[in-house]
There are 2 protein chains.
Amino acid sequence: MATVNLRDVATLAGVSVGSVSNVLNRPGTVSQDVSQRVLSAIDTLGYVRNDAARQLRAGRSRCIGLVVLDIANPFFSDLVRGAERRAAEENLTVLLGDTEEDPARERVYIDLFAEQRVYGLLVSPLGEAMPRLRALKKQGLSTVLMDWHTEDHQFSSVAVDNVAGGKLAVDHLLEMGRTRIAFAGGPHSIRQVSDRFEGARKAVAQHPGATLEVIDTQSLTVLQGREAGHRISQRKAAARPDAIFAANDLLALGVLQAFNLSGRISVPNDIALIGYDDIDFAAAAMVPLSSVKQPSTEIGHTAVDLLLREVAAGADFEPERIVFQPELVIRDSTSAQH
Amino acid sequence: MATVNLRDVATLAGVSVGSVSNVLNRPGTVSQDVSQRVLSAIDTLGYVRNDAARQLRAGRSRCIGLVVLDIANPFFSDLVRGAERRAAEENLTVLLGDTEEDPARERVYIDLFAEQRVYGLLVSPLGEAMPRLRALKKQGLSTVLMDWHTEDHQFSSVAVDNVAGGKLAVDHLLEMGRTRIAFAGGPHSIRQVSDRFEGARKAVAQHPGATLEVIDTQSLTVLQGREAGHRISQRKAAARPDAIFAANDLLALGVLQAFNLSGRISVPNDIALIGYDDIDFAAAAMVPLSSVKQPSTEIGHTAVDLLLREVAAGADFEPERIVFQPELVIRDSTSAQH
DNA sequence: CCATTGTGTTGAATCGTTTCACCATTAAGC
DNA sequence: GCTTAATGGTGAAACGATTCAACACAATGG
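Throughout this document, residue positions are counted from 1 along each chain, in the order its sequence is written. For this description, chains carry letters from A and ligands carry numbers from 1, given in the order in which they are written. At least 70 in pLDDT is required for a residue's local features to be given in this predicted model, at least 80 for side-chain atom pairs to be given and counted, and no such filter applies to totals for whole chains, interfaces and linings, which use all residues. The side-chain quantities take in all heavy atoms of the structure and omit both hydrogens and water.

A.B. asks: Looking at this structure, how should I read the environment of B:Val4?
C.D. replies: Put simply, DSSP H or I for four residues or longer makes a helix, DSSP E for two residues or longer makes a strand, and each gets a number counted from the N terminus. Mapped onto the fold, B:Val4 is located in the segment before α1 (6–13). Using a 1.4 Å probe on the protein chains alone, a residue whose accessible area is under 20% of its type maximum counts as buried, one over 50% counts as exposed, and one in between counts as partly exposed. Its relative accessible area of 13% is what places B:Val4 among the buried residues. Between the C-alpha atom of B:Val4 and that of B:Ala243, which follows or precedes it by 239 residues, the distance is 65 Å. Contacts are residue-level and defined by heavy atoms, with any inter-residue pair within 4.5 Å sufficient. Excluding residues that lie within four positions of it along the chain, B:Val4 makes contacts with A:Arg117, A:Gln139, B:Val9, B:Leu45, B:Tyr47 and B:Val48.

A.B. asks: How do you make sense of the relation of the copies chain A and chain B when you look at a structure like this?
C.D. replies: Both copies of the chain are related by one operation, a rotation about an axis with a shift along it. If you rotate chain A by 180° and push it 0.0 Å along the axis, it lands on chain B with an RMSD of 0.0 Å. What we have between these two chains is a two-fold relation. Of the C-alpha atoms belonging to chain A, the one lying closest to the rotation axis is found on A:Met286, 1.6 Å away. Most of the interface of chain A is mirrored in chain B, where 100% of its interface residues again form contacts. Each copy is superposed on the other by least squares, with the fit set by C-alpha atoms of residues at a pLDDT of at least 70 in both.

A.B. asks: How should the protein's contact with DNA strand D be read in this particular structure?
C.D. replies: Put simply, a residue is near a molecule or strand once any heavy atom of it comes within 4 Å of that molecule or strand. Around DNA strand D, the structure places 24 residues, and the nearest of them are A:Ser19, B:Leu6, B:Tyr47, B:Arg54 and B:Arg57. A 3.5 Å cut-off defines polar contacts: any pair of N or O atoms within that distance qualifies, except that in protein one atom must be a possible hydrogen donor and the other a possible acceptor, and neighbouring residues in sequence count only when both atoms are side-chain atoms. B:Ser21 is positioned such that a nitrogen or oxygen atom in its side chain is 3.3 Å from a phosphate oxygen of DNA strand D. At a separation of 3.5 Å, a base nitrogen of DNA strand D approaches a polar backbone atom of B:Ala53. When contributions to the surface near DNA strand D are tallied by element, the ones reaching two or more residues are α2 (17–25) and α4 (51–58) of chain A together with α2 (17–25) and α4 (51–58) of chain B.

A.B. asks: What am I meant to see in the protein's contact with DNA strand C here?
C.D. replies: Taken together, 24 residues surround DNA strand C, and among them A:Leu6, A:Tyr47, A:Arg54, A:Arg57 and B:Ser19 come closest. Within 4 Å of the protein, the contacting atoms of DNA strand C are 73% sugar and phosphate, with bases supplying the remainder. Here a phosphate oxygen of DNA strand C sits 3.5 Å away from a polar atom, N or O, in the side chain of A:Asn5. Within the side chain of A:Asn25, a nitrogen or oxygen atom sits 3.1 Å from a phosphate oxygen of DNA strand C. Looking at the surface near DNA strand C, the elements with two or more residues in it are α2 and α4 of chain A together with α2 and α4 of chain B.

Following this line, the structure appears as structure tokens:
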């Protein structure tokens, strides 16, 4: 219970605290004898370093804070994995905060990580966080934005061109002869959603005779997708869209489940369906799901890379902006009617 | 860059550091006037608390360390969610470590959290971690085990009866008239895997004429499932099992993908397939997947509960052991042959 | 008018580690 | 044998927030 500290170790080993610290942090500068004694003292006492004290002295921790919208979304868990691997190479650890798309919780995590004096922050921000992030930047907190960038070019960022992705998806639907397009997604305050919608809008605008309807969801989850699908299946057949672009794969899979349950709507015959992210489960769905693929792991990897460069460069750092291009993946859910 | 600290705030506000601390931590005991001045000073300086210093004094942080095998597995992301919600109620934050089933990384996270003097630890341990956890318990680190328990009853634990679950799954397969059962999963060093296998073994043992084959995988992922499925589909039809029990849904979905890709094997006609966890995607699969359901969110929730009780009780705490019962979910992937 | 109570505020001690200027001891050089 | 270097080791001063005994001052009661 009473925690063992460096002094206890030093006493038992019969050396000074400085030497114990040296054994731990600069093994080269210490004699065999002392090193031996210290290590065995550590062992018998079960000494565990106190990171708070280390950090207090060092001024900064060896953890990177990563704030994501939804870890239940495979896109983000892949992204996390990419970030973790790159971080591990530099002997850094990733601390993960899941906001469930809630701005309040986003704020809590950002503040928590700031107070922890993390090495740096990786955020895919909901809009409201930006002023706070600017303020924290002034206090020396390096941040890399994901799927977001600022006009003033103050932050490094790594993103996928969501507008292009949205356009890709809907262009494909239009090419397959669909014209009554519906965009399912929300809330539009999420950048990814509004950008993908913007792409959809562009595609439809270039195609005379095509229409775009918006089906709002409260979040980007399977459950919300089911709900949206249910609402659509309740409509009279004539009032239904002939194609749906879902803001992500979770929604799309939910919609698919709802259609299947209703027994009234066949994908792709009645309605074509395309999602976004190309998660592993998209290919395994009831009707293999067309989607727009993003290099999720690479995004996480690259974000850490940018962060490392920024911290290394210090004050005179020129923020970088990296944009990946999305890729269309065509499967059965958008094949031709027959 | 130069970080702002309490003293800076105190100076600007024209009060002592003690008073600033009071404004932050005991707002009731401070006059309007001082409070006002301090808050505005904090605002103009952009002061951010230093958690390291707080913790050093407090001796313990307000974060719970949660170590999971694989965040890409929806079972674990649901569990995390349950834990986070319960933690939030107590004004605690969850720090997440993903080991990807790697004992080395598990050890890194456990040590990291111990050094951070987290409020407590929630682990679903790979076997090798137990000695370390015992040692850390002596140093005052409270730990709740998930899907694991020790004979000596030293740790609180929350688990689902994986043996019963495995038996449930295979009993079902046998009832549907299958006899050449295969268990797909691995490594067997993972407790969940060996327990579920044990359940399968029991079921088969009670059923004369039934056989049980083991198909090893390196991890519990969709990719490994695909690989295993591929290997099976390469065999001559007569050498294939007529039912597969996969150690989790990710594997099962991978197997399903491989069979579908091969075009040679139909589920459930040629081979019945059942998974474990009943993740959201199981119901949406190409062939809706039978599975064994676990109360994932509740597990996380309960684990935090146990931890809170343990920390509150202090030294004279009697570890508790909670076991949930799994539930069979039957879908098309195990329906009768026709 | 003094004693008592209460309300705010202060300053110094504390938490455990790291760092660094400064000793001790030995080895090498002449 | 004495100086110079080199090698190990030491102890005290940070780091920044919290806590708490002590104090200042005002209000109340007798």
